[in-house]
Amino acid sequence: MTSARPDPNVTPAASLNERFRAGFRRHAAGVSLVTCATPAGPVGLTASSLASVSAVPPMLSFSVAHKSSAGADLVASDRIGVTILGEDDALVAAAFARHGAERFTPEQGWEDGEDGLPVLKTAPVTMWGHPVHVLPAGESWLVLVEVTRVEFGPAGGPLIYHDRAFRSLQQLPIVLERPASA
């Protein structure tokens, strides 16, 4: 077990907002891309806020900041694509996380999808759906999407975001066994 270490960038006098952000930097999260089609072409962003909401009907959520360059397009769209990234997709995630970086290129593995939304062929999972609720939440929107289609790509390790960096997992030498069924 590792010992707790203070974050040198957060002083005890830091504002609650600064401490909140620093706290979530210590929360490891999966990385996904949320995309939509616009008349000018596809737009998208990286999201580590993706969450499963309901299995029946299939529904997920993500949040997007009002100031995000793609935010207004995403919340106004009637179709959303959510691409869950694997460890081999780190360069794509980095491009989507940088303002002005090139996105949706064939070199990154993108192809045109049958419904106008781009498809990243290297991604482990892609889901498509439509927003059913957009809720204002502070400086962000919380978007609930009803999923209408799920496609699987190559299996592999997950891509996670932790402490301002993209990472992959190493399996720990712990075996979790399921209890024997009766």
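Our subject is the structure listed above.
Bear in mind that the values here come from a model prediction, so they are computed numbers and not experimental data.

J.: I'd like to hear about the side chain of S61, residue by residue, with values.
T.: By the secondary structure assignment, S61 is in strand β5 (residues 58–65). Residue S61 is classed as buried on the basis of its relative accessible area of 9%. If near-sequence neighbours (up to four positions away) are discounted, S61 is found in contact with S49, L50, A51, V53, L142, V143 and L144.

J.: Hey, could you go over the pattern of salt bridges for me, with residue numbers and the actual values?
T.: Any two side chains of opposite charge can pair if their charged atoms end up close together. According to the stated counting rule, one finds 3 salt bridges in the structure shown. Notably, a salt bridge pairs K121 with E111, separated by 4.0 Å at the nearest N-O pair. Highlighted residues: K121 in the loop between β8 (118–120) and β9 (125–137) and E111 in strand β7 (residues 110–112), separated in sequence by 10 residues. In this structure E111 comes out as partly exposed when scored by relative accessible area, which is 43%. Each of D115, R149 and E151 takes part in a single network of salt bridges with overlapping partners.

J.: Please set out the packing of aromatic side chains residue by residue, giving values where relevant.
T.: In the structure shown here, the tally under the stated rule is 5 aromatic pairs. Residues Y161 and F166 carry aromatic rings whose centres are separated by 5.2 Å and whose planes lie at 55 degrees to one another, so their mutual orientation is tilted. Classification of Y161 by relative accessible area gives partly exposed; the value is 31%. One aromatic cluster in this structure is built from F96, F104 and W110. Across from the ring centre of W128, 3.7 Å away, lies the NZ or CZ of R149, which sits over that ring.

J.: Give a detailed account of the sheet that holds strand β12 (residues 165–167), specifying residues and quantitative values.
T.: Taken in spatial order, the 3 strands make up an open sheet running β1-β11-β12, and their pairing is antiparallel. A strand with exactly one partner marks an edge of an open sheet, and here the two such strands are β1 (29–30) and β12. Looking at chain direction, β1 and strand β11 (residues 160–162) are connected through 2 bridges and run antiparallel. Note that in β11 the partner of G30 across the bridge is I160.

J.: Pulling in residues and values, what's your account of the nonpolar core?
T.: Core analysis: the largest hydrophobic core is formed by 19 residues, its most contacted members being V34, F62 and I80. At the level of elements, β2 (32–38), β3 (41–47), β5, α2 (71–76), β6 (80–84), β9 and β10 (140–152) are the ones that each hand at least two residues to this core. With 4 residues, β10 is the single largest residue contributor to this core. Here I80 is in contact with V34, T35, C36, F62, L74, L117, M127, W128, G129, P131 and V145, once residues within four sequence places are set aside. Ranked by size, the runner-up nonpolar core spans 11 residues in total, among them V31, L33, V92 and F104.

Rules used throughout
- Residues numbered from 1 in each chain as written.
- Predicted model: local features only at pLDDT ≥ 70, side-chain atom pairs only at ≥ 80, totals over all residues.
- Heavy atoms only, no water.
- Helix = DSSP H or I, 4+ residues; strand = E, 2+ residues; numbered from the N terminus.
- Buried < 20%, exposed > 50% of the residue type's maximum accessible area, 1.4 Å probe, protein only.
- Contact = heavy atoms within 4.5 Å.
- Salt bridge = Lys/Arg side-chain N within 4 Å of Asp/Glu carboxyl O.
- Phe/Tyr/Trp six-rings, centres within 6.5 Å; stacked < 30°, edge-to-face > 60°.
- Lys NZ or Arg CZ within 6 Å of the ring centre and 35° of its normal.
- Pairing = 2+ DSSP bridges.
- Core = buried A, V, L, I, M, F, W, Y, C linked by side-chain atoms within 4.5 Å.

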